[in-house]
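Okay, here's what each chain looks like letter by letter:
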Amino acid sequence: MQLSKPKQQQTPRGRFAWREGGAPGGKALVMIHGWPESSYCWEHVAMHLKAGFRIIAPDLRGLGDSERTPDVSHYHKQQLAQDVISLLDHLGIGEFQLVGHDWGGIVAQEVALAIPDRVQRLVIMNIAIINNLKGNQEVIEKVRASSGAAYWYQHFMQTPGLPEAMIPGAEETWLGHFLRTWNREPFPQDAFDEYVRTFRIPGTPRSSSNYYRTFHEDAKRWATKADHCWPMPALYIYGNKDKVIIPEYLNHIRECFEDLQIEQVEAGHFLQEEQPEAVAGYLNEFLDSA
């Protein structure tokens, strides 16, 4: 199946874009992208998904074709989850299965925290589990014991004014550093061109940096979720060559779920673009399309 071009919808929380694909009356499958991408990241995965899904792939606030809100407070991941829920409500989506990669995986977890009765199955890809405090602390300790060089870009984006001054006009170089060096295979040119296009939308350097500028406040909230256990069936897929989401993120992860399946793909961070057929294969096995 193929995804549509971005559609636009005004909701009480703002103007959001999304792509849609599959059967209009099929089982709702919500797929949330991460940084620095957009809903286009699911294009090649969708081509390999089995029939029976109605895919809804939103563009998160500040990325893709959704609105660029300058106020940093709108980028707390709990608030981004409310954006997604608002869009789904407007589209008349009740129960759904949920997939999220990178920051989209964090937003997906916040959605599942907010409306667990509507999330039938949960898939997280290459990102931390927010209630896995023990595993995440072990990651912090390992990073502190090393140079932590792989995380330089997070500090760069948290620096006031610097991304806003340095990224405009250099979008292709900026994105190329991540999209073309974090993967083991050549990054799809169609996807790269699409992300360059949306990163050139005015305000994107600030709005995309706000994902990282809100991280410390988000982490304080997640520190209160250690006793949470995800009740819905869950799948964690990870690219095992990721330079940022390292294997220690999997430590203690099974304690956070009632029912968890873990699968790995020979890929880097952007596994849905490097190995779309493999990712779709695991989704087809796990998700319910009937």
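Residues numbered from 1 in each chain as written. Predicted model: local features only at pLDDT ≥ 70, side-chain atom pairs only at ≥ 80, totals over all residues. Heavy atoms only, no water.

## Looking at unusual backbone geometry
Excluding glycine, a negative phi dihedral is what most residues carry, and trans is how most peptide bonds are arranged. Cis geometry marks the peptide bond from Trp-35 to Pro-36, where omega comes out at 0°. Relative to the elements of secondary structure, Pro-36 occurs in the loop between strand S3 (27–32) and helix H1 (43–46). Of note in the backbone geometry, Asp-102 takes a positive phi value of approximately 60° without being a glycine. Note that Asp-102 resides in the loop between strand S5 (96–101) and helix H3 (103–114). Backbone geometry places His-252, a non-glycine residue, at a positive phi of 70°. (Helix = DSSP H or I, 4+ residues; strand = E, 2+ residues; numbered from the N terminus.)

## A word on the packing of aromatic side chains
Overall, the coordinates contain 23 aromatic pairs when judged by the stated rule. Plain terms: the ring middles of Trp-174 and Phe-178 are 4.9 Å apart, the flat faces sit at 80° to each other, and that makes the pair edge-to-face. Taken together, the residues Trp-174 and Phe-178, both in helix H7 (residues 171–179) and four residues apart, mark about one turn of the helix. Of the residues examined, Trp-174 reaches a relative accessible area of 10% and is grouped as buried. In this structure, Arg-121 packs its charged tip against the face of Phe-286, placed 5.0 Å from the ring centre. The ring of Phe-192 has Arg-180 sitting right over it, with the charged end atom 3.7 Å from the ring centre. (Phe/Tyr/Trp six-rings, centres within 6.5 Å; stacked < 30°, edge-to-face > 60°. Buried < 20%, exposed > 50% of the residue type's maximum accessible area, 1.4 Å probe, protein only. Lys NZ or Arg CZ within 6 Å of the ring centre and 35° of its normal.)

## A few points about the environment of Tyr-282
Along the chain, Tyr-282 falls in helix H12 (residues 276–286). Excluding its chain neighbours within four sequence positions, the residues that come into contact with Tyr-282 are Leu-235, Ile-237, Glu-263, Gln-264 and Val-265. (Contact = heavy atoms within 4.5 Å.)

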